[in-house]
Amino acid sequence: MVPSDPPLLEARRLSKQFSGWGRGSEQAATVRAVDDVDLRLDAGEALAIVGESGSGKTTLGRLLIRLLEPTSGELRFEGQDLLALRGARLRRRRRDFQMVFQDPFGSLNPRLTVEQTVAEPLRIHRLIPRRDRPQRVRELLDMVGLPATAAGRYPHEFSGGQRQRIGIARALATQPKLLVADEPVSSLDVSVQAQIINLLAGLRVALDLTVVFIGHDLAVVEQLADRVAVMYLGRVVEQGPAARIFATPQHPYTVCLLSAVPAAIPRNRRSRIVLAGEPPDPSQPPSGCRFHPRCPIARPRCAVEEPALVERPGGVAAACHFPGELSARDARDAQDGIVAGGSANFQSDST
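Residues numbered from 1 in each chain as written. Predicted model: local features only at pLDDT ≥ 70, side-chain atom pairs only at ≥ 80, totals over all residues. Heavy atoms only, no water.

A few points about unusual backbone geometry
Reasoning step 1: A positive phi angle is found at arginine 126, which is not glycine, with a value near 50 degrees.
Reasoning step 2: Here arginine 126 is to be found in the loop between α3 (114-124) and α4 (133-143).
Reasoning step 3: Judged by its relative accessible area of 75%, arginine 126 falls in the exposed class.
Reasoning step 4: For aspartate 208, which is not glycine, the phi dihedral falls at a positive 55 degrees.
Reasoning step 5: Examined against the element boundaries, aspartate 208 turns out to sit in the loop between α6 (190-207) and β8 (210-215). (Helix = DSSP H or I, 4+ residues; strand = E, 2+ residues; numbered from the N terminus. Buried < 20%, exposed > 50% of the residue type's maximum accessible area, 1.4 Å probe, protein only.)

What follows is the structure in structure tokens.
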């Protein structure tokens, strides 16, 4: 069923091209980092965008809040054409969406104190008088679990997890409606990752935030997401409710990603699918289905006909000519040691 309320954010056929050099080539090439992506994000929802490095997920996240300008497509925020905004109108709208960056040190100015860093959005957008900013900074620091004494210190005096909390506090300063978190825990220790994920989950509820979470660790994504969009080589190959995608993935690439998630209980072993090779050169994507050179169930049709992203029962859409087939047969193939197409291997995962 299509939601009756208008979405908070909607992207239609959103694309971004970069000019550069192809892999091993001396000639200029065009890379379609994001290619005709459709997304809908409802208020209060948490959407996870997942995929391997180079899949286009970070580029898509930046496009959604106009940190990058798209090559083509449409982008609407609360029904407003976001791509038509310029100057002061765009600056005012930017209060409503903010980003938490992957690198918790590189995203912070080392010459600014924590108070100056967190207060900067308040100053730029003229949200509160100068005399009230120190109090607001203390409130934001408390919100992310940092003491008020942190305000006078510099980023290099903090751990990675603490620096990420500072970045989150800065992002929350404008009271945004949408928060885009670009792999916010990928550079942190596992124990610290859990703390930051729990913090984001709590803030989402307390502040009624809409969240786009970009990541490659599906074990992390599962804790946060209402819906999941899986990207491969610039395209969304599967999207839908997180619970359904984790339970019964339809696209072979999603099955492969999920097979790499370690089992929490050792006896709950599952078949691990190890994909052969690296993703293709994005400046020269394969014909047909872009995943077919690495797909365990690829057939001749997959090499010549590009599958459309088609919604199936349960609200899951998959761009595959044979959706659901791999998840139905992977246990048998793992036992027999046979993989259709020969482009991947199954391994027993006991971790």
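Following the structure, the description resumes.
Quick notes on the pattern of salt bridges
Reasoning step 1: Under the criterion given, the structure shown has 20 salt bridges.
Reasoning step 2: One salt bridge connects glutamate 45 with arginine 227, and the closest N-O pair in it is separated by 2.6 Å. Taken together, the residues glutamate 45 in the loop between β2 (28-41) and β3 (46-50) and arginine 227 in strand β9 (residues 227-232) connect sequence positions 182 residues apart.
Reasoning step 3: On the basis of relative accessibility, which here comes to 12%, the residue glutamate 45 falls in the buried class.
Reasoning step 4: Judged by its relative accessible area of 16%, arginine 227 is buried.
Reasoning step 5: The closest approach of N and O atoms between arginine 66 and glutamate 69, which form a salt bridge, is 2.9 Å.
Reasoning step 6: Overall, the relative accessible area of 5% leaves arginine 66 in the buried class.
Reasoning step 7: A single salt-bridge network, built from bridges that share partners, covers Arg32, Asp35, Arg235, Arg290 and Glu306. (Salt bridge = Lys/Arg side-chain N within 4 Å of Asp/Glu carboxyl O.)

Remarks on the sheet that holds β3
Reasoning step 1: Overall, mixed pairing links the 8 strands, which are arranged β6-β7-β8-β3-β9-β10-β13-β12 in an open sheet. Here the strands that pair on one side only, and so sit at the sheet edges, are β6 (97-100) and β12 (310-311).
Reasoning step 2: Bridge analysis of β12 against strand β13 (residues 317-318) gives 2 bridges, and the strand direction is antiparallel. Along β13, the bridge assignment pairs valine 310 with alanine 318.
Reasoning step 3: Relative to β6, helix α5 (residues 160-172) is tilted by about 175 degrees, and along the sheet it contacts β6 and β7 (178-182). (Pairing = 2+ DSSP bridges. Contact = heavy atoms within 4.5 Å. Axes fitted to C-alpha atoms, helices over the stretch in contact; angles between N-to-C directions.)

Notes on the nonpolar core
Reasoning step 1: If you look at the biggest cluster of nonpolar residues, it comprises 65 residues, and the most contacted ones within it are Ile168, Phe213 and Val228.
Reasoning step 2: Those residues in contact with valine 228 that lie beyond four places of it in its chain are Leu47, Ala48, Val50, Val221, Glu238, Gln239, Gly240, Ala242, Ile245 and Phe246.
Reasoning step 3: Residues Leu9, Ile65, Phe97 and Val236 belong to the second largest nonpolar core, which totals 29 residues. (Core = buried A, V, L, I, M, F, W, Y, C linked by side-chain atoms within 4.5 Å.)

Some words on the packing of aromatic side chains
Reasoning step 1: What the rule picks out here adds up to 4 aromatic pairs.
Reasoning step 2: Seen from their ring centres, tyrosine 232 and phenylalanine 291 are 5.1 Å apart, and the 80 degrees between their planes marks the pair as edge-to-face. With a gap of 59 residues between them, tyrosine 232 in strand β9 and phenylalanine 291 in the loop between β11 (270-275) and α10 (300-304) connect regions that are remote in the sequence.
Reasoning step 3: For tyrosine 232, a relative accessible area of 3% gives the class buried.
Reasoning step 4: An aromatic cluster is built from Tyr232, Tyr253 and Phe291, whose rings are joined through pairwise contacts. (Phe/Tyr/Trp six-rings, centres within 6.5 Å; stacked < 30°, edge-to-face > 60°.)

Notes on a positive patch on the surface
Reasoning step 1: Taken together, the side chains of Arg89, Arg91, Arg92 and Arg126 define a basic patch exposed on the protein surface.
Reasoning step 2: Note on arginine 89: relative accessible area 47%, which makes it partly exposed. (Patch = residues over 30% accessible without salt bridge, like charges linked within 9 Å, V, L, I, M, F, W, Y side chains within 5 Å. Areas by Shrake-Rupley, 256 points an atom, 1.4 Å probe, with all protein chains shown as cover. Lys, Arg positive; Asp, Glu negative; His and termini not counted. Charge placed at Lys NZ, Arg CZ, Asp CG, Glu CD.)

Thoughts on the pairing of β6
Reasoning step 1: Of the two faces of β6, the one carrying Phe97 and Met99 and the one carrying Gln98 and Val100 are both buried.
Reasoning step 2: Where β6 and β7 come together, 4 bridges link them in parallel fashion. Across the sheet, the residue bridging to methionine 99 is valine 180, located in β7.

Re the confidence of the model for the chain
Atomic detail in the predicted coordinates should be set aside for any region of low pLDDT.
Reasoning step 1: Here the chain averages 86 in pLDDT, while 86% of its residues score no lower than 70.
Reasoning step 2: Put simply, strand β14 (residues 344-349) is where the chain has its lowest mean pLDDT, 37, and α4 is where it has its highest, 97.
Reasoning step 3: Counting contacts from residues 331-351, a segment whose pLDDT is below 50, to residues more than four positions away or on other chains yields 53 contacts. (pLDDT = per-residue confidence, 0-100.)

Let's talk about the side chain of histidine 321
Reasoning step 1: Locating histidine 321 in the fold gives a position in the loop between β13 and α11 (325-336).
Reasoning step 2: According to the relative accessible area criterion, histidine 321 is buried, its value standing at 14%.
Reasoning step 3: A polar side-chain atom of histidine 321 sits 3.3 Å from a polar atom in the side chain of arginine 301.
Reasoning step 4: If near-sequence neighbours (up to four positions away) are discounted, histidine 321 is found in contact with Arg301, Cys302, Glu305, Glu306 and Pro307. (Polar contact = N/O pair within 3.5 Å; in protein donor to acceptor, adjacent residues only side chain to side chain.)

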